[in-house]
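# Structure assessment
Chain residues, written in single-letter form:
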Amino acid sequence: TAKFSINLLKQTGFYIFHLDFRPYPHGGVIVMNTRPNSNWEKEVRAELPHLQDGQLILVVIECGEKEFKVKVNDDYIEKTFPYRYPLEDVKKVGVEHGTNENKWYH
């Protein structure tokens, strides 16, 4: 299974929420973080649910009162991520898969 991420951005390079899936051999974790400019802030790590190669998965990012909650295939991951920047600043949603050549932003 390849590494991929879902990003909520204010602008190019300003990550309001970075949700990074790192299956084995990349660590077997989900990493959540922010990057206001070119410096990453303190990350929060959660255990990555078991995923199979080729398996379709459903990822839901819920925006609660004070934090992001993430579901993978209808199950919440063990940790949440507090808002560090206003949700109103989100201008783009991006998905990156594997290498930098596989990006999609809307």
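Our structure is the block above this text.
Summary of the structure given here. Computed from a prediction, not measured in an experiment: that's the story for all the values here.

### Notes on the overall build of the chain
The helix and strand inventory of the chain stands at 0 helices and 10 strands. Along the chain direction, N to C, the helices and strands of the chain fall in the order β-β-β-β-β-β-β-β-β-β. For the chain, buried positions account for 35% of its 106 residues. The contacts of the chain with a sequence gap of at least 6 include a subset with a gap of at least 24, amounting to 38%. As displayed, the chain offers around 6,700 Å² of accessible surface, 50% of which is attributable to carbon and sulfur atoms.

### Considerations on the pairing of strand β2 (residues 14-22)
The buried fraction of β2 is high, at 9 of 9 residues. The pairing of strand β1 (residues 4-11) with β2 spans 7 bridges and is antiparallel. Counterpart to Leu8 in the pairing with β2 is Phe17. The loop that links β1 with its antiparallel partner β2 comprises 2 residues; one of these, Gly13, has a positive phi angle of about 90°.

### Focus on the pairing of strand β3 (residues 29-35)
In terms of burial, β3 is a largely internal element, 7 of the 7 residues being buried. Covered by surrounding structure in β3 are Val29, Val31, Asn33 and Arg35 together with Ile30, Met32 and Thr34, the residues of both alternating faces. Two elements, β2 and β3, share 6 bridges in a ladder whose sense is antiparallel. Counted as the bridge partner of Asp20 is Val31 from β3. When β3 meets strand β4 (residues 44-47), the two strands line up antiparallel, connected through 4 bridges.

Criteria and thresholds
- Residues numbered from 1 in each chain as written.
- Predicted model: local features only at pLDDT ≥ 70, side-chain atom pairs only at ≥ 80, totals over all residues.
- Heavy atoms only, no water.
- Helix = DSSP H or I, 4+ residues; strand = E, 2+ residues; numbered from the N terminus.
- Buried < 20%, exposed > 50% of the residue type's maximum accessible area, 1.4 Å probe, protein only.
- Contact = heavy atoms within 4.5 Å.
- Areas by Shrake-Rupley, 256 points an atom, 1.4 Å probe, with all protein chains shown as cover.
- Pairing = 2+ DSSP bridges.

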